[in-house]
Amino acid sequence: MRLCLIELRLAALLAISGSFIAIQVANWIGDKIHAPKGVYSIATDISSTQEIERVIERSVYTSKSFVASQIAKKILAAQIESGGTTFTIYRFPFAQTCGKAGCLHVVVDERDKHTNSLQLIDLPDKSFPFSTLKKSGCFNVRQPINNTIDDYEICKSS
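All values reported here derive from a predicted model rather than from experimental measurement.

> Tell me what's going on with the sheet that holds strand β10 (residues 138-145), and back it up with residues and numbers.
Backbone-to-backbone hydrogen bonds join strands into a sheet, with any given pair of strands oriented parallel or antiparallel. Strand order in the open sheet made by the 3 strands is β9-β10-β11, with antiparallel pairing throughout. The two strands at the open ends of the sheet, each matched to only one other strand, are β9 (130-132) and β11 (148-155). The mean angle between the axes of side-by-side strands here comes to 30°, regardless of whether they run parallel or antiparallel.

> Can you break down the pattern of salt bridges residue by residue, with the values?
Under the criterion given, the structure shown has 3 salt bridges. Residues Asp109 and Lys156 are paired through a salt bridge, measuring 3.1 Å at the closest nitrogen-oxygen approach. One end of the pair, Asp109, is in strand β7 (residues 102-109); the other, Lys156, is in the segment after β11, with 47 residues separating them in the sequence. Lys135 is the partner of Glu153 in a salt bridge, and the nearest nitrogen-oxygen pair spans 3.0 Å. Of this pair, Glu153 sits in strand β11 while Lys135 sits in the loop between β9 and β10, and the two are 18 residues apart along the sequence.

> Break down helix α3 (residues 49-59) for me, with residues and values.
Residues of α3 that are buried include every one of Ile52, Val55, Ile56 and Ser59, and no others. In an axial view of α3, the angular spread of the buried residues amounts to 95°, which keeps them on one side of the axis. Among the exposed residues of α3, those oriented more than 90 degrees off its buried face are Gln50 and Glu57. For α3, the elements touching its buried residues are β3 (61-62), β5 (85-92), β7 and β8 (115-120).

> Quick rundown of the nonpolar core? Include the residues and the values.
Grouped together as the largest cluster of nonpolar side chains are 17 residues, with contacts concentrated most on Ile52, Ile56, Ile75, Tyr90, Phe92 and Val106. Looking at this core, the elements with two or more residues in it are α3, β5 and β7. Residues within four places of Ile52 in sequence aside, it is in contact with Ala43, Thr44, Ser47, Ala72, Ile75 and Tyr90. Core analysis: the second largest hydrophobic core is formed by 14 residues, Tyr40, Ala78, Leu120 and Val141 among them.

> I'd like a description of the packing of aromatic side chains, backed by residues and values.
Given two aromatic rings, one states the distance between the centres and the angle between the planes to describe the pair. Under the defined criterion, the tally for this structure stands at 4 aromatic pairs. Both rings, one in Phe128 and one in Phe130, keep their centres 5.4 Å apart while their planes meet at 50°; by these two values the pair is tilted. Residue Phe130 is classed as buried on the basis of its relative accessible area of 5%. Taking 5.8 Å as the distance between ring centres and 50° as the angle between the ring planes, the aromatic pair formed by Phe130 and Phe139 counts as tilted. Residues Phe130 and Phe139 agree in their burial class; the two are buried. Members of the aromatic cluster, each reached through a chain of ring pairs, are Tyr40, Phe87, Phe128, Phe130 and Phe139.

> Could you give me a rundown of unusual backbone geometry, with the residues and numbers involved?
Not every positive phi belongs to a glycine, and Asn146 is a case in point at roughly 45°. Structurally, the position occupied by Asn146 is in the loop between β10 and β11. Owing to a relative accessible area of 72%, Asn146 belongs among the exposed residues under this scheme. Notably, Asn147 is not glycine yet its phi reads approximately 65°, a positive angle. Take Asn147: it is sitting in the loop between β10 and β11. By relative accessible area, which is 87% here, Asn147 ends up exposed.

Cut-off values and rules
- Residues numbered from 1 in each chain as written.
- Predicted model: local features only at pLDDT ≥ 70, side-chain atom pairs only at ≥ 80, totals over all residues.
- Heavy atoms only, no water.
- Pairing = 2+ DSSP bridges.
- Helix = DSSP H or I, 4+ residues; strand = E, 2+ residues; numbered from the N terminus.
- Axes fitted to C-alpha atoms, helices over the stretch in contact; angles between N-to-C directions.
- Salt bridge = Lys/Arg side-chain N within 4 Å of Asp/Glu carboxyl O.
- Buried < 20%, exposed > 50% of the residue type's maximum accessible area, 1.4 Å probe, protein only.
- Arc of directions from axis to C-beta.
- Contact = heavy atoms within 4.5 Å.
- Core = buried A, V, L, I, M, F, W, Y, C linked by side-chain atoms within 4.5 Å.
- Phe/Tyr/Trp six-rings, centres within 6.5 Å; stacked < 30°, edge-to-face > 60°.

Listed below in structure tokens is the structure:
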């Protein structure tokens, strides 16, 4: 039990720093999905299982016995068009990828060349935290900070 808590704390620290997150496969399978209503779909409704597996492979550290296709139907996804770029947002709503710092979101552009891993806290009104910008290759993220909602512009590098 103590080792599990240490792993969970380490995973949270790594997530906050933008690094990979260690995930125990057995716990992924039974978790409930929590997310803002009406925005996200099951990821396999938006992306192929192979695309989802690539996102998992690049964004999440998993055990050797992990099979991405087992959780592909539990990952959530949404798309936004922003500044002429389509971004696919994958939300990992599992106990191992959510905590005080929020839930892991991986944002990929349509060319599958740019990836952002973000740990985002749900907004108090449960609204979708992403919005579009006219600026090419950029999107906006809203996050609660000290009783206010701040906007953060995120742009893919050239």
